[in-house]
Amino acid sequence: MKRIGIFTSGGDSPGMNACIRAAVRTTLAFDMEPFGIMHGYEGMINDQIMPLDAGSVSNIIQYGGTVLKTARSKDFRTPEGREKAAQNLKKHKIDGLVCIGGNGSYTGAMLFEQEHGIPSIGCPGTIDNDLAGTDFTIGFDTAVNTAMEAIDRIRDTAESHDRVFFIEVMGRDSGYIGMYAGLSGGAEGILIPEKGKQFEAVLARHDQRLRKKQFSIFVVSEGDEEGNAFELARRFSLKYPECDARVTVLGHIQRGGKPTAADRILASRLGAHAVKALVEGKRNAAVGVINDEIVFTPFEQAIQGKKTMNENLWVLNEMICR
Ligand code: F6P
């Protein structure tokens, strides 16, 4: 293996730059040539491929987003798109790929290897923490800290005005951000898809709480099966018309910003081990960290495997949120 192509794909997440940096510098440490592919699979198709050196990734570890840019490519989902991408990679003599992204990105890498034999190792880059094969994904810790800080700030207003806030966090179909942000932010109620219908239980707790305090913070995952924050606030207001209920959707604020130390370290480890794995002949797998050990999971399993919520955290929160 002589030339490694590195790209980010799908939604950006804080720490992707640290991962790119580690992958580039590890490639150089193995006396190979790193190439950057811009805009994920789109750049592979459109030949936006360029050589990188150690200096190209200087001074990026502290930034969110991705210097290689990213996209959700429709064309790469077609065999014609993948054919074009393969031709471009062959033109640049790239013989291995480091794919930093989520589920969709892994699926693309898996198909690509099957059709064109170009090996990839995936690094889990998504704030959602919804990928099997790793305890945490790159960007999750930063997103949780951002959401927690937002909850702290909203709490000031909630308490001062005796208001009830429904704060919606990201996570697509996964409640990880909701669980961690809610627990660390001391939320009075957490609504996540993994726990099914919880709204009535949350309301019952609010009832008890009303006797002591007038304000509450409810954290709602965007994928919650009972509805989004607006829908739940509407239902809440029907039951408690006397309460001043407000909604805050944190949205893409959670995707940006300076990565935390935990994300930078995780991303550096994963980026370096992805390159090392390609050198050792591994392919078609995602690298992850489980119980502080580097592990590899075949793409198929990483994509299909459903990450379960840590039940202990849920039980803990049920006991201490009052
Ligand atoms: O996968 C990351 C994520 O931020 C999800 O939490 C969210 O549902 C989705 O991406 C939003 O995607 P986009 O930025 O393309 O609207």
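My aim in this report is to walk through the structure given alongside it, one point at a time. This one's a predicted model, so the numbers in the text were calculated from it and none came from an experiment.

This part is about the sheet that holds strand S11 (residues 293-298). What holds strands together in a sheet is hydrogen bonding between their backbones, with the strands either parallel or antiparallel. Strand order in the open sheet made by the 7 strands is S3-S2-S1-S4-S5-S10-S11, with mixed pairing throughout. At either end of the open sheet lies a strand with only one pairing partner, and these are strand S3 (49-51) and S11. Direction aside, the axes of adjacent strands within the sheet are offset by 30° on average. Two elements, strand S10 (residues 285-290) and S11, share 6 bridges in a ladder whose sense is antiparallel. Following the sheet pairing, Ile 290 is matched in S11 by Glu 293. Lying on the sheet, helix H4 (residues 103-116) is in contact with strand S4 (96-101), strand S5 (120-124) and S10; it crosses S4 at an angle near 160°.

Evaluation of the coordinates by the stated rule reveals 14 aromatic pairs. Considering the side-chain rings of Tyr 41 and Phe 76, the 3.8 Å spacing of their centres and the 15° angle between planes classify their relative orientation as stacked. Separated by 35 residues along the polypeptide, Tyr 41 in helix H2 (residues 41-45) and Phe 76 in the loop between S3 and helix H3 (79-91) bring together distant segments of the chain. For the pair Tyr 41 and Phe 76, a shared accessibility class is recorded, and that class is buried. Each ring, one from Phe 140 and one from Tyr 180, has its centre 5.1 Å from the other, and the planes form 80°; the classification is edge-to-face. Residue Phe 140 is found in helix H5 (residues 140-161), and its partner Tyr 180 is found in helix H6 (residues 176-184); the two are separated by 40 residues along the sequence. By relative accessible area, which is 3% here, Phe 140 ends up buried. By way of ring pairs, the aromatic residues Phe 166, Phe 199, Phe 218, Phe 236 and Tyr 240 are connected into one cluster. Here the basic side chain of Lys 282 rests over the ring of Phe 296, its NZ or CZ set 4.8 Å away from the ring centre. Here the basic side chain of Lys 307 rests over the ring of Tyr 176, its NZ or CZ set 5.7 Å away from the ring centre.

Time to look at the state of the cysteines. Scanning the entire structure with this criterion turns up 0 disulfides. Cys 123 supplies the cysteine sulfur nearest to Cys 99, a cysteine that is in no disulfide, at a spacing of 8.0 Å. Cys 99 sits in the buried class, given a relative accessible area of 0%.

All right, on to the site of the ligand then. Close to the ligand lie Arg 72, Thr 126, Ile 127, Asp 128, Met 170, Gly 171, Arg 172, Glu 222, His 252 and Arg 255. The separation between an oxygen atom of the ligand and a polar side-chain atom of Arg 72 is 3.0 Å. His 252 places a polar side-chain atom, nitrogen or oxygen, 2.8 Å from an oxygen atom of the ligand. Protein coverage of the free-state accessible area of the ligand, which is 400 Å², stands at 74%. Residue classes in the shell around the ligand are distributed as 2 nonpolar, 3 polar and 5 charged. Two domains share the shell around the ligand, each providing at least three of its residues, namely domain 1 (3-139 + 259-304) and domain 2 (142-255).

Conventions used here
Residues numbered from 1 in each chain as written. Predicted model: local features only at pLDDT ≥ 70, side-chain atom pairs only at ≥ 80, totals over all residues. Heavy atoms only, no water. Pairing = 2+ DSSP bridges. Helix = DSSP H or I, 4+ residues; strand = E, 2+ residues; numbered from the N terminus. Axes fitted to C-alpha atoms, helices over the stretch in contact; angles between N-to-C directions. Contact = heavy atoms within 4.5 Å. Phe/Tyr/Trp six-rings, centres within 6.5 Å; stacked < 30°, edge-to-face > 60°. Buried < 20%, exposed > 50% of the residue type's maximum accessible area, 1.4 Å probe, protein only. Lys NZ or Arg CZ within 6 Å of the ring centre and 35° of its normal. Disulfide = S-S within 2.5 Å. Near = heavy atom within 4 Å. Polar contact = N/O pair within 3.5 Å; in protein donor to acceptor, adjacent residues only side chain to side chain. Areas by Shrake-Rupley, 256 points an atom, 1.4 Å probe, with all protein chains shown as cover. Nonpolar A, V, L, I, M, F, W, Y, C, P; charged D, E, K, R; others polar. Domains from an automatic or database assignment.

The values are spatial; any link to function lies outside them.
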